Amino acid sequence: MLLGLILFRNFRVKTKLQKEQLKLENKLLEEQSNYRIQEQRLDISRELHDNVGSQLTFIISILDNLKSSSVRFDEVIDKKIDTLSSFANKSISGLRDTIWVLNSKQLNLSELQSRMLNFIRDARESVDEVRFHFDFEIESDTALSSKQAINLYRILQEIVNNAIKHADAKDIFVAISQLDNALQIKIHDNGVGFDYESKKKRSFGLTNVHNRVQEINGIMNVESSKDKGTSYVIQIQL
């Protein structure tokens, strides 16, 4: 009996050690996989910065030289140059946002808050006739996945840009807050409004917002009516 108990005890200890070893090996494989993924992301971000970024900067430089040139172009060509310059600058901005996400192992709410605030500041400087109101309350600086961060940022961009282009609004309000383990985003404008049900399937921008909310397992409610503006309420689990 004593020998049996010793053998059983040794078997249990050996089994426990094997489980611990397997757990450590799996953890090591996970860390190695994460390291390789991060290396790949850094390589991609470097390629984007050094190749695409430099080409766009070169294009912007050429366009700026054309605009400041002593050679006079007609009005149509001047407008085309301004449009190309605007597109190139927006592409540079979008590229920086992508590189920001690719370079980050982990993102926090405070980093998202900073990026969103910068976007609102840029919008405020570029659109004189619209007043922007931005509030982002952080209770705890919770970690976000890269998918959550970039989708939330792009959702804000799309909705605000749509309001600027189509709503004819005087004010755009953005209020973001933490509710326990959830993040709630409220975006409202006092513009002309639209029929959401009839346009949501025909508008690429609205479809894009809806798909991005789904990608991060969020829920979205939209209310819009003529001359009463449009309100978006989006909530995701953190």
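Right above here is the structure, for reference.
Rules of the game
- Residues numbered from 1 in each chain as written.
- Predicted model: local features only at pLDDT ≥ 70, side-chain atom pairs only at ≥ 80, totals over all residues.
- Heavy atoms only, no water.
- Helix = DSSP H or I, 4+ residues; strand = E, 2+ residues; numbered from the N terminus.
- Buried < 20%, exposed > 50% of the residue type's maximum accessible area, 1.4 Å probe, protein only.
- Contact = heavy atoms within 4.5 Å.
- Pairing = 2+ DSSP bridges.
- Axes fitted to C-alpha atoms, helices over the stretch in contact; angles between N-to-C directions.
- Phe/Tyr/Trp six-rings, centres within 6.5 Å; stacked < 30°, edge-to-face > 60°.
- Patch = residues over 30% accessible without salt bridge, like charges linked within 9 Å, V, L, I, M, F, W, Y side chains within 5 Å.
- Areas by Shrake-Rupley, 256 points an atom, 1.4 Å probe, with all protein chains shown as cover.
- Salt bridge = Lys/Arg side-chain N within 4 Å of Asp/Glu carboxyl O.
- Lys, Arg positive; Asp, Glu negative; His and termini not counted.
- Charge placed at Lys NZ, Arg CZ, Asp CG, Glu CD.

**Q** I keep staring at the side chain of serine 177 and nothing clicks. Help me out?
**A** Here serine 177 shows up in strand S4 (residues 171-179). A relative accessible area of 19% places serine 177 in the buried class. Non-local contacts of serine 177, meaning those with residues more than four positions away in its chain, are made with Glu137, Ala182, Leu183 and Gln184.

**Q** Whenever I open this one, the sheet that holds strand S5 (residues 182-189) confuses me. Can you help?
**A** One key point about sheets: their strands pair by backbone hydrogen bonds, in either a parallel or an antiparallel sense. In space, the 5 strands of this open sheet follow the order S2-S4-S5-S7-S6, with mixed pairing throughout. Unpaired on one side and paired on the other, strand S2 (131-136) and strand S6 (219-225) mark the two borders of the sheet. In this sheet, neighbouring strand axes are inclined to one another by 10° on average, regardless of whether the strands run parallel or antiparallel. Direction of pairing for S5 relative to strand S7 (residues 229-237): antiparallel, over a ladder of 8 bridges. Paired with leucine 183 across the bridge in S7 is isoleucine 236. Relative to the sheet, helix H6 (residues 204-215) contacts S6 and S7, its axis offset from that of S6 by approximately 150°.

**Q** Got a minute to help me understand the packing of aromatic side chains in this structure?
**A** Each aromatic ring pair is summarised here by two numbers: the centre-to-centre distance and the angle between the ring planes. The tally for this structure, following the rule as stated, stands at 2 aromatic pairs. Look at phenylalanine 119 and tyrosine 153: their rings are 6.3 Å apart centre to centre, the planes differ by 75°, and that puts the pair in the edge-to-face class. With phenylalanine 119 in helix H3 (residues 109-126) and tyrosine 153 in helix H4 (residues 146-167), this pair connects stretches of sequence that are 34 residues apart. Pairing phenylalanine 134 with phenylalanine 136 gives two aromatic rings, centres 6.5 Å apart and planes at 65°, and the pair type is edge-to-face. A residue is classified by how much of its surface remains accessible, and phenylalanine 134, at 21% relative accessible area, is partly exposed.

**Q** Help me understand a negative patch on the surface, please; the structure alone is not making it clear to me.
**A** A grouping of Asp135, Glu137, Glu139 and Asp180 is seen on the molecular surface, where their side chains present a negatively charged patch. Along the polypeptide, aspartate 135 turns up in strand S2.

**Q** How should the pairing of S4 be read in this particular structure?
**A** If a strand is regular, its side chains alternate between the two faces of the sheet. The sheet contact formed by S2 and S4 spans 6 bridges and is parallel. Counterpart to phenylalanine 132 in the pairing with S4 is isoleucine 172. Connecting S4 to the next strand, S5, in antiparallel fashion are 2 residues, including aspartate 180 with a positive phi near 55°.

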